[in-house]
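Residue strings, one per chain:
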Amino acid sequence: MTGGNELGELMLDPDEAQRKMDRWAAGLEEKAQRYAAAQERTEQLRLTAASSDGAVKITVGADGGVTDIEFGNKARTYPLEELSRQILQTMHQAQAGIAGQVAEVMQESLGDEDQETRALMIGTLRSRFPEIEEEEPPAPPAPPASSADAPPPPQAPREKRHEAPEDEENSPW
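Residues numbered from 1 in each chain as written. Predicted model: local features only at pLDDT ≥ 70, side-chain atom pairs only at ≥ 80, totals over all residues. Heavy atoms only, no water.

### Topic: the layout of surface pockets
Next up, step 1: The space that makes up the largest pocket amounts to roughly 350 Å³.
Next up, step 2: Lining the largest pocket are 19 residues, and of these A38, Q39, T42, V102 and M121 sit closest to its centre.
Next up, step 3: When contributions to the lining of the largest pocket are tallied by element, the ones reaching two or more residues are α2 (14-44), α4 (98-110) and α5 (115-128).
Next up, step 4: Here the lining of the largest pocket gets 5 residues from one element, more than from any other, and that element is α2.
Next up, step 5: Of the residues assigned to the lining of the largest pocket, the class counts are 8 nonpolar, 5 polar and 6 charged. (1 Å grid on protein atoms, 1.4 Å probe; cavity = no way out; pocket = protein on both sides within 12 Å on 5 of 7 lines; lining within 4 Å. Points joined across faces, edges and corners; volume = space filled by probe spheres on them. Helix = DSSP H or I, 4+ residues; strand = E, 2+ residues; numbered from the N terminus. Nonpolar A, V, L, I, M, F, W, Y, C, P; charged D, E, K, R; others polar.)

### Section: the confidence of the model for the chain
In regions of low pLDDT, the predicted coordinates are not meant to be interpreted in detail.
Next up, step 1: Overall, the predicted model of the chain reaches an average pLDDT of 79, with 71% of residues at or above 70.
Next up, step 2: Here residues 137-144 is modelled with pLDDT under 50, and outside its nearest four sequence neighbours on either side it reaches 0 contacts, counting other chains as well.
Next up, step 3: Between residues 160-165, whose pLDDT stays under 50, and residues either more than four places distant or in other chains, the model counts 0 contacts. (pLDDT = per-residue confidence, 0-100. Contact = heavy atoms within 4.5 Å.)

### Notes on the nonpolar core
Soluble globular proteins tend to pack their nonpolar side chains together in the buried interior.
Next up, step 1: Within the largest apolar cluster, 23 residues are counted, with the highest numbers of intra-cluster contacts made by V60, I98, V102, I122 and L125.
Next up, step 2: Broken down by secondary-structure element, the contributors of at least two residues to this core are β1 (46-50), β2 (56-61), α3 (80-95), α4 and α5.
Next up, step 3: Ranked by residue count, the leading element in this core is α4, at 6 residues.
Next up, step 4: When near neighbours in sequence (up to four residues on either side) are disregarded, I98 contacts L47, V60, G61, A62, G64, L125 and F129. (Core = buried A, V, L, I, M, F, W, Y, C linked by side-chain atoms within 4.5 Å. Buried < 20%, exposed > 50% of the residue type's maximum accessible area, 1.4 Å probe, protein only.)

### Let's talk about the packing of α4 against α5
Next up, step 1: Two numbers describe how α4 lies on α5: the axes approach to 9 Å, and their chain directions differ by 160°. Taken as axis vectors, α4 and α5 run roughly antiparallel relative to one another. Read as a crossing pair, α4 and α5 show a hand that is right-handed. Touching I98, A99, V102, A103, M106, Q107 and L110 of α4 are Q115, R118, M121, I122, L125 and R126, all from α5.
Next up, step 2: Its residues assigned to classes, the contact of α4 with α5 shows 9 nonpolar, 2 polar and 2 charged. (Axes fitted to C-alpha atoms, helices over the stretch in contact; angles between N-to-C directions. Parallel < 35°, antiparallel > 145°, perpendicular 65-115°, else oblique. Left-handed = near helix turned anticlockwise from the far one by under 90°.)

### Observations concerning the sheet that holds strand β3 (residues 66-71)
The strands making up a sheet associate through backbone hydrogen bonding, with each pair oriented either parallel or antiparallel.
Next up, step 1: Strand order in the open sheet formed by 3 strands is β1-β2-β3, with antiparallel pairing between adjacent strands. Looking along the sheet, the strands with just one partner apiece sit at the ends: β1 and β3. With direction set aside, neighbouring strand axes in the sheet form an average angle of 15°.
Next up, step 2: Sheet analysis places β1 next to β2, joined by 5 bridges and oriented antiparallel. Bridge assignment links T48 to a residue of β2, and that residue is T59.
Next up, step 3: Along the sheet, α3 makes contact with β1, β2 and β3, crossing β2 at roughly 40°. (Pairing = 2+ DSSP bridges.)

Right, dumping it as structure tokens:
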């Protein structure tokens with residue numbers, strides 16, 4: 001209702017008022033259907049990531065929950081600590097794509113509608129599941145220093161021995 005006289009005009013023409021309300025209700029119904037479709041598509045999202053050597057493959061849903069884990073033969077050769085690290089790293093890698101995928105579904109389903117709400121939701125997803133920065137390979141361990149270059153090892157402190165003075169009168173005790 002944009003004009004000041006529009007309300008008065010609707011009061012004079014009840015049929016026009018009913019048509020406008022019907023269009024408004026139909027618009028709300030259409031909007032609700034678009035949101036329901038976006039929600040359904042989002043719930044069906046699955047993102048999969050695999051470790052670089054194929055030892056671990058993890059699939060997550062749009063909520064970040066793990067829906068599947070697969071281990072390649074290489075996983076058998078890992079110490080448990082390394083396998084655990086690979087699982088977490090691969091899971092985070094899969095989760096990192098959630099915000100982008102949800103944003104894409106919302107754009108396709110809703111167009112430019114409700115940008116503020118969408119920005120809040122996508123921002124929340126990005127904070128929960130941040131993009132993974134490419135990790136640099138670990139630096140190789142430094143070669144052991146040769147004995148000529150190495151500083152002498154620290155010496156243990158010597159125990160001070162208290163020698164009794166020959167003259168007992170000088171003793172504070």
